[in-house]
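Letter by letter, the chains look like this.
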Amino acid sequence: MAPGPAGRTPVFERRTTAAGGGGAGGRAAEKVVALTFDADMTADQGPRAASGERFDNPELVALLRRLKVPSTVFMTGRWAEEYPAQAKAIGADPLFEVANHSYSHHAFSSPCYGLPVVGKNAMTRDVERAFTAFRKAGVQNVVPYFRFPGGCYDDTALRALAPANVTAVQWDVVSGDAFATDADAVARQVLDGVRPGSLVVMHCTRSAAPATEAAVRRIVPELRERGYRFVKVSELMEGGS
């Protein structure tokens, strides 16, 4: 995407036109949906990982492969450092693309769910540090998209990140999988919210989102039954406005 107005980082949330430039007076919006998964790990959670807490979810990734669901994984640099083999395998799989979710998973505006805050002058550096972590882990298929931790941002953050040359990617469907234990409730929330061109936010961390894999087992076949096709954010963005 082109830079936003007045040098701000552009923000994408949902495809709002039919592929190929439809829209008002054109074709109905194509029934596509992007499932995105945040691989979260904050800069200070290393001791928790060392004590056995799992911030990865290889079973979910394996399920997406079995179901052949193209997906975008928004990965923190710290996650890539903790799980370099998994990060590399995800990036090497053409089914997936890897996007930037910051290095630290600290907030870029406040308040934001109690997260520590990244200073304005450190925002671009934090994003670039994540890209560096991806390179060190050998991650391929990295796309220039960025998701704000917690989805929290303001005008100051959009201006500060302009030098990073990324597109901020939000969502229009909140899965509610964070810290949820009821997979059916997560699935219902997604299924009730999806529209043509939707972008769904989910998580790829067992400790913080233990019900996600089970929810995806229901979400994918039901959306396919409704005629939806799964795409990565890059494809969704191609037909958006």
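**Student:** How do you make sense of the state of the cysteines when you look at a structure like this?
**Tutor:** Disulfide: a covalent bond connecting the sulfur atoms of a pair of cysteines. For the coordinates displayed, the defined rule picks out one disulfide. The disulfide partner of Cys112 is Cys152, and the gap between their sulfur atoms is 2.1 Å. Handedness here is read from the sign of the S-S torsion; for Cys112 and Cys152, about 85 degrees, the answer is right-handed. Of this pair, Cys112 sits in the loop between strand S4 (96-100) and helix H5 (123-137) while Cys152 is found in the loop between strand S5 (142-146) and helix H6 (155-160), placing the two residues 40 residues apart along the sequence. What makes Cys152 buried here is its relative accessible area of 11%.

**Student:** Is there a simple way to explain the side chain of Thr42 in this structure?
**Tutor:** On the secondary structure map, Thr42 appears in the loop between strand S2 (32-39) and helix H1 (46-50). At 2.7 Å, the side chain of Thr42 forms a polar contact with the side chain of Asp44. For Thr42, the contacting residues outside a window of four places in its chain are Arg78, Ser104 and His105.

**Student:** Whenever I open this one, unusual backbone geometry confuses me. Can you help?
**Tutor:** Note: most peptide bonds trans; most residues except glycine with negative phi. The amide bond that connects Ser110 to the next residue, Pro111, takes the cis arrangement and shows omega of 5 degrees. Within the fold, Pro111 resides in the loop between S4 and H5. Within the chain, Tyr113 stands out as a residue other than glycine whose phi angle is a positive 55 degrees. Within the secondary structure layout, Tyr113 lies in the loop between S4 and H5.

**Student:** Just to check I follow, could you spell out the side chain of Asp126 for this structure?
**Tutor:** Secondary-structure assignment places Asp126 in helix H5. Residues within four places of Asp126 in sequence aside, it is in contact with Ser102, Tyr103, Ser104 and Phe108.

**Student:** Honestly, the nonpolar core in this entry has me stumped. Any pointers?
**Tutor:** Counting residues in hydrophobic clusters, the biggest one holds 60 residues, and the most contacted among them are Met75, Trp79 and Phe108. Counting residues per element, this core draws most heavily on H5, which supplies six residues. In contact with Trp79, other than residues within four places in its own chain, are Ala39, Asp40, Met41, Phe55, Asp56, Gln86, Ala87, Ile90, Cys204 and Thr205. Ranked by size, the runner-up nonpolar core spans 13 residues in total, among them Phe12, Ala99, Leu199 and Val231.

**Student:** Any chance you could explain the packing of aromatic side chains here in plain terms?
**Tutor:** Across all of its chains, the model carries six aromatic pairs by this definition. Taking 5.0 Å as the distance between ring centres and 80 degrees as the angle between the ring planes, the aromatic pair formed by Phe146 and Phe148 counts as edge-to-face. Through a chain of ring-to-ring contacts, the aromatic side chains of Phe108, Phe146, Phe148 and Tyr153 assemble into a single cluster. When the ring centre of Tyr103 is taken as origin, the NZ or CZ atom of Arg129, which lies over that ring, is 3.7 Å away. The aromatic ring of Phe74 is capped on one face by Arg147, whose charged end is 4.0 Å from the ring centroid.

**Student:** Which parts of the structure should I look at to understand the packing of helix H2 (residues 58-67) against helix H8 (residues 212-225)?
**Tutor:** Each pair of packed helices can be summarised by the angle the axes make with each other and by the distance between the axes. Running from N to C, H2 and H8 cross one another at 20 degrees; their axes reach a closest spacing of 9 Å. One finds that H2 runs roughly parallel with respect to H8. Two packed elements cross with a definite hand, and for H2 against H8 that hand is right-handed. Of the residues in H8, those touching H2 at Glu59, Leu60, Leu63, Leu64, Arg66 and Leu67 are Thr212, Glu213, Val216, Arg217, Val220 and Arg224. Counted by class, the contact of H2 with H8 contains six nonpolar, one polar and five charged residues.

**Student:** Can you help me understand the environment of Ala43 in this one?
**Tutor:** Summarising the element assignment, Ala43 is placed in the loop between S2 and H1. Assessed through its relative accessible area of 34%, Ala43 is described here as partly exposed. Setting aside residues up to four positions removed in sequence, Ala43 forms contacts with Arg78, Tyr103, Ser104 and His106.

About the criteria used
- Residues numbered from 1 in each chain as written.
- Predicted model: local features only at pLDDT ≥ 70, side-chain atom pairs only at ≥ 80, totals over all residues.
- Heavy atoms only, no water.
- Disulfide = S-S within 2.5 Å.
- Helix = DSSP H or I, 4+ residues; strand = E, 2+ residues; numbered from the N terminus.
- Buried < 20%, exposed > 50% of the residue type's maximum accessible area, 1.4 Å probe, protein only.
- Polar contact = N/O pair within 3.5 Å; in protein donor to acceptor, adjacent residues only side chain to side chain.
- Contact = heavy atoms within 4.5 Å.
- Core = buried A, V, L, I, M, F, W, Y, C linked by side-chain atoms within 4.5 Å.
- Phe/Tyr/Trp six-rings, centres within 6.5 Å; stacked < 30°, edge-to-face > 60°.
- Lys NZ or Arg CZ within 6 Å of the ring centre and 35° of its normal.
- Axes fitted to C-alpha atoms, helices over the stretch in contact; angles between N-to-C directions.
- Parallel < 35°, antiparallel > 145°, perpendicular 65-115°, else oblique.
- Left-handed = near helix turned anticlockwise from the far one by under 90°.
- Nonpolar A, V, L, I, M, F, W, Y, C, P; charged D, E, K, R; others polar.

Such coordinate-based values are descriptive only and should not be taken to indicate function.
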